[in-house]
Every structure is written in C-alpha cells, then in structure tokens.
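Per-entry structural report
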Amino acid sequence: MPSYTVQIDVQPQYVADQSNPLQKVFAFAYTVTATNTGSVPVQLISRHWVIQDESGHTDEVKGLGVVGQQPLLRPGESFQYTSGCRLHAPSGTMHGSYFFVAEDGHRFDAPIATFVLESSGSGLSGRTLH
C-alpha cells in the first residue's frame, strides 16, 4: 500500500539589513526543506501560508508552486528553497500547508507546523511550536 507523506522543516531568520524598525518594517527569511518520506513520487503544486504578527495582523498567501517551481520529489528526495516575508511588528508566526499530487493521482496536503519569526535576541528564532 503506497504512503503519501512529506516532512517539512523550516528555519526562520531575521534580516536586519532589510528591516526598518522605526517604520515598523521587520524582514524575515525562511529556508524550507520538503522531504518525500512516502513511497510514491509526489509533485508540489501549491502553497498556503498564514502569517500573523504580534499585533494581530494576519496575511494569507496562496499560490502555485514555491519560488516559481513545482518540484517533483521521488521517495527520499528533498527540495530546499529560501523565501521571505515582512511583518509590521517585531515578531510573529507562520504556518500553512503544501498541496501535493502523487504520481498515481492521489492528492493531499502536507501541513507546515507553526514557527516563530522573532527580531529580538530573545532566543525564540528557529523554535518550532507544536
């Protein structure tokens, strides 16, 4: 019986040289690694992100692919990319999902756990919330 699982790991990072705290602009980069831990080749079709800053402002981002690509991952293969976002507050969170279609036509969402975006030196950067 085929299995359809993708492990998604995210490493966020504050980008001080693209931020302007006086104007409430806080830039973050995040590196995502998606690994096909299932038994069937799968293609990443689309993304859905929910980005919330500590003031309560929420943005939703939906679109085809990631960084202009729709990678095909065979079992055991990984795809890694770096993207970014801007908040209007010094910290916030992101979570979401990727939509995949397997080679056999099976469709599924792979959840992306909530992770913290933190501009201060509080030590939260890179921590994953469960």
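Use the structure listed above.
As the structure is a prediction and not an experimental result, all values here were calculated from the model. (Residues numbered from 1 in each chain as written. Predicted model: local features only at pLDDT ≥ 70, side-chain atom pairs only at ≥ 80, totals over all residues. Heavy atoms only, no water.)

Let us now look at the overall build of the protein. Along the protein, the regular secondary structure elements total 0 helices and 8 strands. The secondary structure elements of the protein, listed N-terminal to C-terminal, are β-β-β-β-β-β-β-β. Seen through its C-alpha atoms, the protein measures out along the principal axes to roughly 55 × 25 × 25 Å. Within the protein, the proportion of its 130 residues that are buried is 40%. Sequence separation of 24 or more characterises 63% of the internal contacts of the protein that already satisfy a separation of 6 or more. Summed over its atoms, the accessible surface of the protein is roughly 7200 Å², and 49% of this surface lies on carbon and sulfur atoms. Charge separation in the protein, taken as the distance between the mean sites of 7 positive and 11 negative side-chain charges, equals 4 Å. (Helix = DSSP H or I, 4+ residues; strand = E, 2+ residues; numbered from the N terminus. Buried < 20%, exposed > 50% of the residue type's maximum accessible area, 1.4 Å probe, protein only. Contact = heavy atoms within 4.5 Å. Areas by Shrake-Rupley, 256 points an atom, 1.4 Å probe, with all protein chains shown as cover. Lys, Arg positive; Asp, Glu negative; His and termini not counted. Charge placed at Lys NZ, Arg CZ, Asp CG, Glu CD.)

The next point concerns the nonpolar core. Counting 28 residues, the largest nonpolar core has I8, W49, Y98 and F100 as the members making the most contacts within it. Elements represented by at least two residues in this core include exactly β1 (6–14), β2 (26–36), β3 (42–53), β6 (78–87), β7 (91–102) and β8 (107–118). Excluding residues within four positions of it along the chain, W49 makes contact with Y30, V32, D59, E60, V61, Y81, M94, H95, G96, Y98, I112 and F115. (Core = buried A, V, L, I, M, F, W, Y, C linked by side-chain atoms within 4.5 Å.)

For the rest of this paragraph, the subject is the packing of aromatic side chains. If you walk through the whole model with that rule in mind, you get 9 aromatic pairs. Taking the centre distance of 6.0 Å and the plane angle of 85° together, the rings of W49 and Y98 count as edge-to-face. Of this pair, W49 sits in strand β3 while Y98 is found in strand β7, placing the two residues 49 residues apart along the sequence. The burial state of W49 is the same as that of Y98; both residues are buried. What links up through ring pairs into an aromatic cluster is the set Y4, Y30, W49, Y98, F100, F108 and F115. (Phe/Tyr/Trp six-rings, centres within 6.5 Å; stacked < 30°, edge-to-face > 60°.)

A few words on the side chain of E118. By the secondary structure assignment, E118 is in strand β8. Classification of E118 as buried rests on a relative accessible area of 12%. Side-chain polar atoms of E118 contact the side chain of S120, separated by 2.8 Å. (Polar contact = N/O pair within 3.5 Å; in protein donor to acceptor, adjacent residues only side chain to side chain.)

This part covers the environment of V25. As for its placement among the helices and strands, V25 is situated in the loop between β1 and β2. Along the sequence, V25 and Q70 sit 45 residues apart, while their C-alpha atoms lie 30 Å from each other. If we skip the residues at most four places from it in the chain, V25 touches Q18, S19, N20, R86 and L87.

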